[in-house]
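The lines below spell out each chain.
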Amino acid sequence: MTHAGELRRRTAELLAAYPPATTDRLDFLRARFDAGLAWVHYPEGLGGLGAPRSLQAVVDGELAAAGAPDNDPRRIGIGLGMAAPTVLRYGTDEQKARFLRPLWTGEEVWCQLFSEPGAGSDLAALGTRAVRDGEDWVVDGQKVWTSSAHLARWAILIARTDPDAPKHAGITYFICDMTDPGVEVRPLRQITGEAEFNEVFLTGVRIPDRHRLGHVGDGWRVAQTTLMNERVSIGGMRLPREGGMIGPVARTWRERPELRTHDLHQWLLRLWVEAEVSRLTAERLRQQLNAGQPGYEGSGMKLAFARLNQEISGLEVELRGEEGLLYDDWTMRRPELVDFTGRDAGYRYLRSKGNSIEGGTSEVLLNIVAERVLGLPAEPRTDKDVPWKDLAR
């Protein structure tokens, strides 16, 4: 089995062959992938070495110390955190070879075509149709809240292929080329003034059957892999102490003693402790991932992430008083990433409102934690075995 010393040796060989100071960034990232040092727990030939996931930190530490470029993971988070593990688990050898390398290097950005105007919290009720036509599927429908659709080359897409089956059983999972005819992306301007989200309209889009992931009608099971990885990537990210939203509040508290009050002090102490507990819990969750696929515990982390972000940003606005009501820029933009810490308190307060919706609403995640983690009785579901076409809409 590959061990830490072996990884350090391989990393040193990569750095010697491709010195970061004189090597083009993209050339270095491609070489890193080919050396198996992209994600070491992936199979050989697919950016990894079949090593324990925990050893990735060894490689990352060596490369960071050498000043090597990274793949800008925040910009390509959907590809890294959601598309890649799904392709790895359900993709054919040809799909893995085609998609994983440019996904990891950031040459191809991915987005997620799951939610619809009438199927957000109840995602399995989706109505986007995919009809078989020879070796292709013809897709018609609308998706919404699609982050990075304006940048993406590829999308992970779920569509209904059998309206006569119950809603969970008639779904199939596809990879959609966002540059194909019939794909239209429209910006959705948010409360922040930006449009990082989009609507996507699909009109007669032809997807070859070779871009299907998993069996026909098995898309809901495939999508669960995507969703569980999504919640871990949102709520379980690695942070240093006072990383994330609690950092700007703590710095303001230390630097602006004139803003302090006893009540704000108590509020800050409570949220600081909760943020630290959440950070350490996320670290524990990542250690569990070393043994296999993510479980439903990621839903609990995502719940905590959303609640804490909203409470912390509310505290920051209160702490800053009148300053907290200011907003730096309402310009309509279509950003490449969400920058919570690079903007002002007003932006953090407004943008955090979306945290309890994106990646699964908090209400749905509470049900998931109750039923799948705590083992509580499931809510009655009268539509579970009803054909989708007979459901009230």
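Everything below is about the structure shown above.
Since the structure is predicted, the reported quantities are computational estimates derived from the model, not experimental observations.

1. Some details on the packing of aromatic side chains
- Counting across every chain of the model gives 10 aromatic pairs.
- An angle of 70 degrees between the planes, with centres 6.5 Å apart, marks the rings of Phe33 and Trp39 as edge-to-face. For the pair formed by Phe33 and Trp39, the shared burial category is buried.
- One residue, Arg186, lies across the ring of Phe201, its end atom 4.0 Å from the ring centre.

2. With respect to the packing of helix α4 (residues 77–90) against helix α5 (residues 93–105)
- Relative to each other, α4 and α5 sit at 165 degrees, their axes nearing to 10 Å. When the axes of α4 and α5 are compared, the pair comes out roughly antiparallel. The two elements α4 and α5 meet at a crossing, and its hand is left-handed. Seen from α4, the contacting residues are Gly79, Leu80, Ala83, Ala84, Val87, Leu88 and Tyr90; seen from α5, they are Gln95, Lys96, Leu100, Leu103 and Trp104.

3. Overview of unusual backbone geometry
- Of note, the phi angle at Trp145 is positive, near 60 degrees, even though the residue is not glycine.
- One can find Trp145 in the loop between β3 (136–143) and β4 (154–160).
- Phi is positive for Ser148, close to 65 degrees, though the residue is something other than glycine.
- Relative to the elements of secondary structure, Ser148 occurs in the loop between β3 and β4.
- Residue Ser148 is classed as buried on the basis of its relative accessible area, which comes to 11%.

4. Quick look at the pattern of salt bridges
- Here the structure, examined in full by the defined rule, presents 42 salt bridges.
- For Glu108, the salt bridge is made with Arg153, and the minimal N-O distance between the two is 3.8 Å. Residue Glu108 is found in the loop between α5 and β1 (110–113), and its partner Arg153 is found in the loop between β3 and β4; the two are separated by 45 residues along the sequence.
- Shared partners join several salt bridges into a network, and the residues in it are Arg256, Glu258, Glu316, Arg320, Glu323 and Arg348.

5. Things to note about the pairing of β1
- Burial along β1 is two-sided: the face carrying Trp110 and Gln112 and the face carrying Cys111 and Leu113 are both buried.
- Strand direction decides the pairing type here: β1 and β4, joined by four bridges, are parallel. In the sheet register, Trp110 faces β4, and the bridge partner there is Trp154.

6. Comments concerning the environment of Leu337
- Relative to the helices and strands, Leu337 is located in the loop between α9 (297–320) and α10 (345–351).
- With 262 residues separating them in the primary sequence, Leu337 and Arg75 have C-alpha atoms 5.3 Å apart.
- With sequence-adjacent residues up to four places away left out, Leu337 is seen in contact with Asp72, Arg74 and Arg75.

About the cut-offs
- Residues numbered from 1 in each chain as written.
- Predicted model: local features only at pLDDT ≥ 70, side-chain atom pairs only at ≥ 80, totals over all residues.
- Heavy atoms only, no water.
- Phe/Tyr/Trp six-rings, centres within 6.5 Å; stacked < 30°, edge-to-face > 60°.
- Buried < 20%, exposed > 50% of the residue type's maximum accessible area, 1.4 Å probe, protein only.
- Lys NZ or Arg CZ within 6 Å of the ring centre and 35° of its normal.
- Axes fitted to C-alpha atoms, helices over the stretch in contact; angles between N-to-C directions.
- Helix = DSSP H or I, 4+ residues; strand = E, 2+ residues; numbered from the N terminus.
- Parallel < 35°, antiparallel > 145°, perpendicular 65-115°, else oblique.
- Left-handed = near helix turned anticlockwise from the far one by under 90°.
- Contact = heavy atoms within 4.5 Å.
- Salt bridge = Lys/Arg side-chain N within 4 Å of Asp/Glu carboxyl O.
- Pairing = 2+ DSSP bridges.

These figures capture arrangement, not role.
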